[in-house]
Amino acid sequence: MTVDRSRLPEPGPTRRFVFPSIEKSVLPSGLRVWTVRHTAIPVLTLMLLVRRGAADDPPGKEGLAAISVDMLDEGSGERSAIEIHEGLARLGAQLDSDIGSDASLLTVTALSRFAGPALSLFADMVARPTLSEADFERVRQLRLHRLTQLRDMPGAVADRAFVKLLYGEHPYGHTPLGSERSLGSMSVDDVRQFHRAMIRPAEATLVVSGDCEHADIERLAAAAFDGWDGSSTGALPVMTTLPRPGRLNVIARPGAPQSELRIGHVAVPRNTPDYHALVAANMVLGGQFVSRINLNLREEKGFTYGARTSFDFRRLPGPFALQVSVHTAATAEAIDQSLQEIASIRGSRPVTTDELALGVAALTRGYARSFETAEQVARAATQIALYDLPDNYFAEFVPKVEGVTVEDVTRVAAEHLDPSRLTTLIVGDYDTIAGGLAHLNLGEAVVLSPDTF
Amino acid sequence: MNIAYSKHTLANGLDVLVHEDRSCPIVAVNLWYHVGSKNETPGRTGFAHLFEHLMFEGSQHHDKGFFPPLQGAGASLNGSTNADRTNYWEVVPSNALELALWMESDRMGFLLPALTEAKFSNQRDVVLNERRQNYENRPYGLAPMAMLAALFPPDHPYHWTTIGEIADLNAAKLEDVRAFFSRYYHPANASLAIAGDIAAADALSLARAYFEDIEPGPAVAPVRPADAVLSGDTRLLLEDRVELPRVYVAWMTPAMFADDDAELDLAADILANGKTSRLYKRLVYDERIATDVSAAQNSREIAGFVQVAATAAPGHTLAELERAIVLEIERLAAEGPTADEIARGLVQAEAQFMFRLQTIGGFGGKSDQLNAYNTFIGDPDFFTRDLTRYQRVTRESLRQAVARHLTTAGRVALSIVPRGRTVLAMPDSSPAQVS
């Protein structure tokens, strides 16, 4: 075989990927039990999705959902926290928790031969946590220390301040960790109350992915979660009037070698009919290495190690945001270039057929890569559970994205990106960059104190 | 558990490893060059990593970005450089394997004709940004520079970090890039693994077609510095933009796969991996004098080091933390681990091996593992024996390894404290020189 280096080889016909089917049942408690067969490696992933998260933190108790879920592994029944973890270690199991605005997710991945004991330990943590005063004090203290340390991390400072700018007092206006003040005002009773009111089977889905039979898992789950019942109380958050933040905001970090930037505004919810077109638009704008913004700021200008944009699709409208860390001297120009890129994709420089084809191809041709491990498969299934997506959602994703046109992208960009509402936040060396910022025509910079977040 | 594979060495010296896994319609291409920052010299640091960036900027027959055609075909891809090796990988839909091989072979065989001063100076800027973002502007980010510089003598290839010194990056010249490529980036210094949804025979014939005509380069002699010996107790201090002080303690230890490497890996887990570990239990859970603690045996090709790090809770000094760390290590060296600790360590080691086999590609997947074993010990078929190294660890062998290596006779302790609060550092520490 001779190699032709005058042109790149064309990919052959696509081998279609079919998402494995989800077997479903519901226990009398309302707990949904879903299993997905995934037999490549003798590893099993258990995930529990509860459709309550940081947005369900009561006002003044920001961080309650996260600390409540964090405390599930701090002892159960007769077992101390250490004993729970010794139990997990004997199964070769890894435990993770993930708290978002809309949901909480607890994950255990273990060797398949330990499916029974892993599920039993998992259920003990979820349904029968000890939630003792002493453990609460220790965990709260660790979280307060974490908050202290995050004050040194420009990216974390920016993330926290940015959601506050965009959402103010709305339930999306804080990060899951909460603040020093809100953690300080909490008691273990708040955690017990949150567990009793929110971590309930009628709001939960257990997803198990691996080399397992649905009937076995259903039987094991029914036994392990026996006695756990009830449904969540309290209404889900709704949209309220949001603040109108200043266009240009600065948190001073004297001597910082780089400026951490966030540029964005509140955009759209997960159930927008424009979902697929927006995902495609974002790929071209800032969703991949070869996106307009990364190529501009990194590959042309050398301002940064990398820049990216994202729409955070949630139950209620989530943020659109550009995230980048740029060399201090390049701050004003990086902002100017970013604003121009966001504005121009709305029509003055619409996506080209080639750009869109590249973005769509990246999303669709590599789709199978997202379902390689048991954990990836389980996580995908939790998306269906969280947002009530149809079971054929994964089968339809590729054709729907392939159906997005250049006109669709321009239309959704014009509709959902509003340059006049874009808020810019800089965490950086204000004294050095102030002069350059004056030429951006974004008005006077609002200097924020990091202590207010 | 083993990974079925075949290995062929092409006439130009390139090793080709193939593994079939038809469970998902994707294929991993993983290419290791046996060169890293250990092949650099003082005054010329940061070069291997800067070079890795240039590998994404186009080659003779595709003199533009490396990403667009591959991402357009649905690939994910990346590369990384460490002290011992540089790796590049793509995970592509099965139908785009040939494209990935075309691209990898073009930059192996034909990079220099497309190299320009403009690309070079742009990527140097990107790397300087990477250094600012991940080291200079990150709390405790300069710790690796200070620790490696104190652990290894100035002429030892582990004395510097992979990101390199700013002055060296600024002094790098295009001609250095050319010389570096000719010396290290050729088939005889590389290992190619292809894993996934492809017939082994087809994968091998494609690899032959794309790589067989690339000229072999000069043999690369192994880097063999004189054994570094750490004597005495080195105490260093860095002031940083941090709220809470942190202590790092490190000892020189055996290299990857050498005697005691598995023992020390398990010892590090027993000391600080998870809530059941001795240091977590003592420092964070019971005494609450630390907010976090970690430990690792950093096994590298020439030598290793065990490093323990802990961050002080407000109101506590690093001297308190260090005392508790030393006591726990002395206890492990005297009494050894419990039978239960060993049993748990073994199940966890087995699980970690299994978790790494879940993916065909990327960092740490099956193709990366095959290349690691092939590059470092010349035998891709090392999975079972690697796990056996752990299964053979006994309470006594672990105790002896700790007693032998984690001693106060030779160690480095670094205090990182908030600016102006040197009083929080361990006593008798002198300022570390980092740039």
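Residues numbered from 1 in each chain as written. Chains lettered and ligands numbered in written order. Predicted model: local features only at pLDDT ≥ 70, side-chain atom pairs only at ≥ 80, totals over all residues. Heavy atoms only, no water.

## Here's the deal with the overall build of chain B
Stated formally: Runs of E in the DSSP output that reach at least two residues are strands. Runs of H or I that reach at least four are helices, and both are numbered from the N terminus. Radius of gyration: over C-alpha atoms. The globule rule applied is 2.2 Å multiplied by the number of residues raised to the 0.38 power. When a residue's accessible area, from a 1.4 Å probe over protein chains only, is under 20% of the maximum for its type it is buried; when over 50% it is exposed; and in between it is partly exposed.
The helix and strand tally for chain B stands at 15 helices and 12 strands. Its C-alpha atoms give chain B a radius of gyration of 23 Å, near enough to 22 Å, the size a compact globule of 435 residues would have. A principal-axis box enclosing the C-alpha atoms of chain B has dimensions of 60 × 50 × 40 Å. Buried positions account for 63% of the 435 residues belonging to chain B.

## What about the domain arrangement of chain B?
Residues and elements named next belong to chain B. The test is simple: Residue ranges assigned to each domain were obtained from an automatic or database domain assignment. By the convention used here, residues are in contact when the closest approach between their heavy atoms is within 4.5 Å. The quantity reported as buried area is the accessible area (1.4 Å probe) lost by two parts once they are put together, taken as the sum for both. For this analysis, a salt bridge means a side-chain nitrogen from Lys or Arg found within 4 Å of a carboxyl oxygen belonging to Asp or Glu. The term polar contact refers here to a pair of N or O atoms within 3.5 Å; inside protein, the definition further demands a hydrogen-donor-capable atom paired with an acceptor-capable atom, and it admits residues adjacent in sequence only when both atoms are side-chain atoms.
Considered domain by domain, chain B is made up of domain 1 (6-211) and domain 2 (232-431). Domain 1 puts 42 residues into the contact, and the matching count from domain 2 is 39 residues. For the pair domain 1 and domain 2, the two sides together bury roughly 3,200 Å², of which 69% comes from carbon and sulfur. On the domain 1 side of the contact with domain 2, Trp32, Tyr140 and Met147 bury the most area, a combined 24% of that side's loss. Counting every contact that joins domain 1 to domain 2 gives 2 salt bridges. The shortest N-O distance in the salt bridge between Glu301 and Lys38 comes to 3.4 Å. Our count for the domain 1 to domain 2 interface comes out at 18 residue pairs in polar contact (both at pLDDT 80 or more).

## Looking at the side chain of Ser101 of chain A
Structurally, Ser101 of chain A can be placed in the loop between strand 6 (94-99) and strand 7 (104-111). When neighbours within four sequence positions are excluded, Ser101 of chain A is seen to be in contact with Gly53, Ala54, Ala55, Asp56, Tyr172 and Arg314 of chain A.

## What about the packing of helix 10 (residues 292-300) of chain A against helix 11 (residues 331-344) of chain A?
Helix-helix packing is described using two parameters, namely the angle between the two axes and the distance between the axes. Residues and elements named next belong to chain A. The criterion, for reference: Geometry is summarised by axes, namely lines fitted to C-alpha atoms with helices restricted to the contacting stretch, and by angles between N-to-C directions that run from 0 to 180 degrees. Just so you know how the angles are binned, under 35 degrees is roughly parallel, over 145 roughly antiparallel, 65 to 115 roughly perpendicular, and the rest oblique. Left-handed describes a crossing whose near helix is turned anticlockwise from the far helix by less than a right angle; the clockwise case is right-handed. Note on residue classes: Ala, Val, Leu, Ile, Met, Phe, Trp, Tyr, Cys and Pro are nonpolar, Asp, Glu, Lys and Arg are charged, and everything else, Gly too, is polar.
The N-to-C vectors of helix 10 and helix 11 enclose an angle of 160 degrees; their axes lie 10 Å apart at closest approach. In terms of orientation, helix 10 and helix 11 fall into the roughly antiparallel class. Viewed along their axes, helix 10 and helix 11 form a crossing whose handedness is right-handed. In this structure, helix 10 contributes Arg292, Ile293, Asn296 and Leu297 to the contact, and helix 11 contributes Ala334, Gln337, Ser338, Glu341, Ile342 and Ser344. Broken down by class, the residue content of the contact of helix 10 with helix 11 amounts to 4 nonpolar, 4 polar and 2 charged.

## Comments concerning the environment of Arg331 of chain B
Residues and elements named next belong to chain B. As for its placement among the helices and strands, Arg331 is situated in helix 11 (residues 318-335). Classification of Arg331 by relative accessible area gives partly exposed; the value is 33%. C-alpha of Arg331 to C-alpha of Ala403: the two residues are 72 residues apart in sequence and 9.6 Å apart in space. Not counting residues within four places of it along the chain, the set of residues in contact with Arg331 comprises Arg278 and Gly336. Reaching out from Arg331, the side chain makes a polar contact with the side chain of Glu328 at a distance of 2.9 Å.

## Structural notes on the layout of surface pockets
All names here are of chain A. Cut-off, in case you're wondering: Lining residues are those with an atom within 4 Å of a point, where the points come from a 1 Å grid over the protein atoms alone and group into cavities, where a 1.4 Å probe fits but cannot get out, or pockets, open sets with protein on both sides within 12 Å along at least five of seven lines. Grid points are joined across faces, edges and corners, and a volume is the space filled by probe spheres set on the points.
Reported here for the largest pocket is a volume of approximately 620 Å³. Lining of the largest pocket is provided by 30 residues; of these, Glu62, Lys164, Glu169, His174 and Ser179 occupy positions nearest its centre. Looking at the lining of the largest pocket residue by residue, the classes come out as 9 nonpolar, 10 polar and 11 charged.

## Section: the pairing of strand 8 (residues 246-253) of chain B
All names here are of chain B. Applicable threshold: Criterion used throughout: strands pair if DSSP finds at least two bridges between them.
Counting buried positions along strand 8 yields 8 of 8 residues, so the element is predominantly enclosed. Going residue by residue along strand 8, you find Arg246, Tyr248, Ala250 and Met252 tucked away on one face and Val247, Val249, Trp251 and Thr253 tucked away on the opposite face as well. Pairing geometry for strand 8 and strand 10 (residues 304-312), over 8 bridges, is antiparallel. Looking across to strand 10, one finds that Val249 is bridged to Val308.

## Re empty space enclosed by the protein
Residue and element names in this part refer to chain B. Taken as a whole and judged by the stated rule, the model has 6 cavities of 30 Å³ or more. Taken as a whole, the second largest cavity holds about 90 Å³ of empty space. Lining the second largest cavity, in full, are Asp269, Ile270, Asn273, Thr276, Ser277, Glu341, Arg344, Gly345 and Gln348. Among the secondary structure elements, those contributing two or more residues to the lining of the second largest cavity are helix 9 (261-272) and helix 12 (339-356).

## Topic: the domain arrangement of chain A
Residues and elements named next belong to chain A. Entries for chain A in the domain assignment read domain 1 (22-224) and domain 2 (248-452). For domain 1 versus domain 2, the separation of C-alpha centres amounts to 29 Å. Opposite the 35 residues of domain 1 that make contact, domain 2 presents 38 residues. Summing the contributions of domain 1 and of domain 2, the shared interface buries around 3,100 Å²; its carbon and sulfur component is 65%. At the boundary of domain 1 and domain 2, one finds 4 salt bridges. Close ionic contact of Arg379 with Asp98 constitutes a salt bridge, the shortest N to O distance being 3.5 Å. Where domain 1 touches domain 2, the interface holds 17 residue pairs in polar contact (both at pLDDT 80 or more).

## With respect to the sheet that holds strand 3 (residues 43-50) of chain A
All names here are of chain A. Here 6 strands make up an open sheet; going across it, the order is 1-2-8-3-7-6 and the pairing mixed. Strand pairing shows two members of the sheet lacking a second neighbour, strand 1 (22-26) and strand 6, which therefore form its edges. Averaged over all adjacent pairs, the angle separating strand axes in this sheet is 15 degrees, with direction ignored. When strand 2 (residues 32-37) meets strand 8 (residues 204-210), the two strands line up parallel, connected through 6 bridges. Within the sheet, the bridge partner assigned to Arg37 lies in strand 8 and is Gly210.

## Overview of the interface of chain A and chain B
The interface of chain A with chain B comprises 74 residues on the first partner and 79 residues on the second. Summed over the three residues of chain A that lose the most area to chain B, namely Arg5, Tyr305 and Arg369 of chain A, the buried surface amounts to 12% of that side. For the pair chain A and chain B, the interface holds 7 salt bridges. Residue Asp197 of chain B is joined to Arg15 of chain A by a salt bridge in which the shortest nitrogen-to-oxygen separation is 2.5 Å. There are 28 residue pairs in polar contact (both at pLDDT 80 or more) connecting chain A and chain B. Of all the secondary structure elements, the ones that give two or more residues to the side of chain A that touches chain B are helix 2 (81-90), strand 7, helix 4 (133-150), helix 10, strand 11 (304-311), strand 12 (319-327) and helix 12 (353-364) of chain A. With 7 residues, the top contributor of residues to the side of chain A that touches chain B is helix 4 of chain A. Classifying every residue of the side of chain A that touches chain B gives 35 nonpolar, 18 polar and 21 charged.

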